[in-house]
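Each chain, letter by letter, is given below.
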Amino acid sequence: MFRETRLAAADLIWPIFVTEGSGVTDPVASLPGVSRRSVDGIVEQAREAVSLGIPCIALFPYTQADRRSDDGAEALNPDNLMCRAIRAVKDAVGSDLGVLADVALDPYTSHGQDGLLDASGYVANDDTVAVLVDQAIVQAEAGADIVAPSDMMDGRVRAIRMALEMGGHHNVQIMAYAAKYASAFYGPFRDAVGSSGVLQGDKKTYQMDPANGEEALREIALDIAEGADSVMVKPGLAYLDIIWRAKQAFDVPIFAYQVSGEYALVEAGVAAGVGEREALVMEKLIAFRRAGCTGILTYHAPQAARWLANA
Ligand code: PBG
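Residues numbered from 1 in each chain as written. Predicted model: local features only at pLDDT ≥ 70, side-chain atom pairs only at ≥ 80, totals over all residues.

With that out of the way, let us pick up the overall build of the protein. A count of helical and extended segments in the protein gives 10 helices and 10 strands. Its C-alpha atoms give the protein a radius of gyration of 18 Å, within 12% of the compact-globule value 19 Å for 311 residues. A principal-axis box enclosing the C-alpha atoms of the protein has dimensions of 55 × 45 × 40 Å. A total of 311 residues make up the protein; the buried ones form 49% of that total. Pairs at least 24 apart in sequence give 74% of the contacts found in the protein among residues at least 6 apart. (Helix = DSSP H or I, 4+ residues; strand = E, 2+ residues; numbered from the N terminus. Rg over C-alpha atoms; globule rule 2.2 N^0.38 Å. Buried ≥ 20, exposed ≤ 12 C-beta atoms within 10 Å, placed from the backbone. Contact = placed C-beta atoms within 7 Å.)

Pasting the structure below:
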């Protein structure tokens, strides 16, 4: 009765990984319990999400090496794996489930960076934005309900919003990865989408310095001004202060991404006997709500939804 915050399955977004083929379940070694699934399996997971009361999934493609290129052109192929998965999910579950599509080039580039490189190897902001706009449109046309630019280029939210409006996609939302840090916690994700082996250098020229909080508020303010419907702070637990500050400063839905390394650390801790999985996961998830989050992207979404249903 005196509880100040609550967590429900309706607060969760479930990130899932799609791979080519049919009937494929391909475990991600660095993310115990998480597998890449072929499109048929993604449809099963989408139905599972609906039955668990999870309102949205976030899709990420594992792109085979021969479909990667310096310019990430596969991102703009309307029949790429991502678009086929979006269409299959929407055909199967319609408006019962939201589909969030990540906008960034890293699953498609041969160098693993989120954008295009200039002659010196620097990720070129404006050239990248032009491609991200086309990627977002391709995803919207496939049926994505939310496009989520995770690339951290400047000005991309405005450019994507304009293109969505011009293209008649007025109802497609933008969830901006507004404060995304250059984090050591993304390792298992890069394995899952196949970019860890290929990534050259780091992402520090466009992702944020973990030492900066004021800058996060400026980044969030920019994305809201440019037309973001909701904003994200990423990673999660190490950045609760940013969520809290954003909640005080802005009146938009704020989401936290509890990233792959955070998931993997919990699983490693459980395996090492540090604690019990449900207790560890649920304590972390309620902390995001306490800090001011509307919702949380977490690989533990299906387990958490089950625990909540049995609570
Ligand atoms: C890529 C992207 C990343 C994640 C989501 N989108 C990785 C990165 O920036 O290198 C990480 C998610 C996770 O670790 O779970 N644009």
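Now that the structure has been shown, the text picks up again.
Counting 97 residues, the largest nonpolar core has I57, L59, I86, L100, A101, V147 and I243 as the members making the most contacts within it. The leading source of residues in this core is helix α3 (residues 125-142), at 9 residues. Setting aside residues no more than four positions away along its own chain, A101 makes contact with L59, M82, I86, Q139, A144, V147 and A148. (Core = buried A, V, L, I, M, F, W, Y, C linked by C-beta atoms within 7 Å.)

Close to the ligand lie D102, A104, D106, D114, S150, D151, Y186, F189, R190, K203, V259 and S260. Counted by class, the shell around the ligand contains 4 nonpolar, 2 polar and 6 charged residues. (Near = placed C-beta within 6 Å. Nonpolar A, V, L, I, M, F, W, Y, C, P; charged D, E, K, R; others polar.)

Using the residue numbers shown here, the UniProt feature "active site" (unreviewed entry) corresponds to K180 and K234. Annotated residues spanning 55 residues; largest pairwise C-alpha distance 4.8 Å, indicating a single compact cluster. Along the chain, the position of K180 falls in strand β7 (residues 173-180). Non-local contacts of K180, meaning those with residues more than four positions away in its chain, are made with S150, M152, Q207, M208 and K234. The topology assignment puts K234 in strand β8 (residues 230-234). Excluding residues within four positions of it along the chain, K234 makes contact with Y177, K180, Y181, Y257 and V259. (UniProt positions renumbered as here; feature names shortened; annotations may be inferred.)

Our focus in this paragraph is the environment of V103. Here V103 shows up in strand β5 (residues 98-103). V103 gets classed as buried once you count the C-beta atoms within 10 Å, which come to 30. C-alpha of V103 to C-alpha of Y177: the two residues are 74 residues apart in sequence and 9.7 Å apart in space. Apart from the residues within four sequence positions on either side, V103 is in contact with L132, Q135, A136, Q139, V147, A148, P149, S150, D151 and I160.

Further remarks concern the UniProt feature "binding site: Mg(2+)" (unreviewed entry) in the protein. Sequence positions flagged by UniProt for "binding site: Mg(2+)" (unreviewed entry) are, in local numbering, E219. By the element assignment, E219 lies in helix α6 (residues 214-225). Here E219 is in contact with A178 and A179, once residues within four sequence places are set aside.

Here A246 shows up in helix α7 (residues 240-249). Its 27 C-beta neighbours within 10 Å are what place A246 among the buried residues. A sequence separation of 11 residues divides A246 from P235, and the C-alpha atoms of the two residues are 14 Å apart. Contacts of A246, omitting those with residues within four sequence positions, involve L217, I220, V231, V233 and I254.

Let us look at the pairing of strand β9 (residues 254-258). Where a strand is regular, its side chains alternate between the two sheet faces. Most of β9 is tucked away: 5 of the 5 residues are buried. Judged by which residues are buried, β9 turns out to be covered on both faces: I254, A256 and Q258 on one side and F255 and Y257 on the other are all buried. Relative to β9, β8 runs parallel, the two sharing 3 bridges. Bridge pairing links V231 to I254 in β9. Handedness of the crossover is the feature at issue here: the chain leaves β8, passes through α7, returns alongside β9, and the resulting connection is right-handed. For β9 and strand β10 (residues 295-298), the ladder comprises 4 bridges, and the chain directions are parallel. Each residue of the ladder has a partner; that of Q258, found in β10, is T298. (Pairing = 2+ DSSP bridges. Right-handed = clockwise from strand over helix to strand, strands pointing away.)

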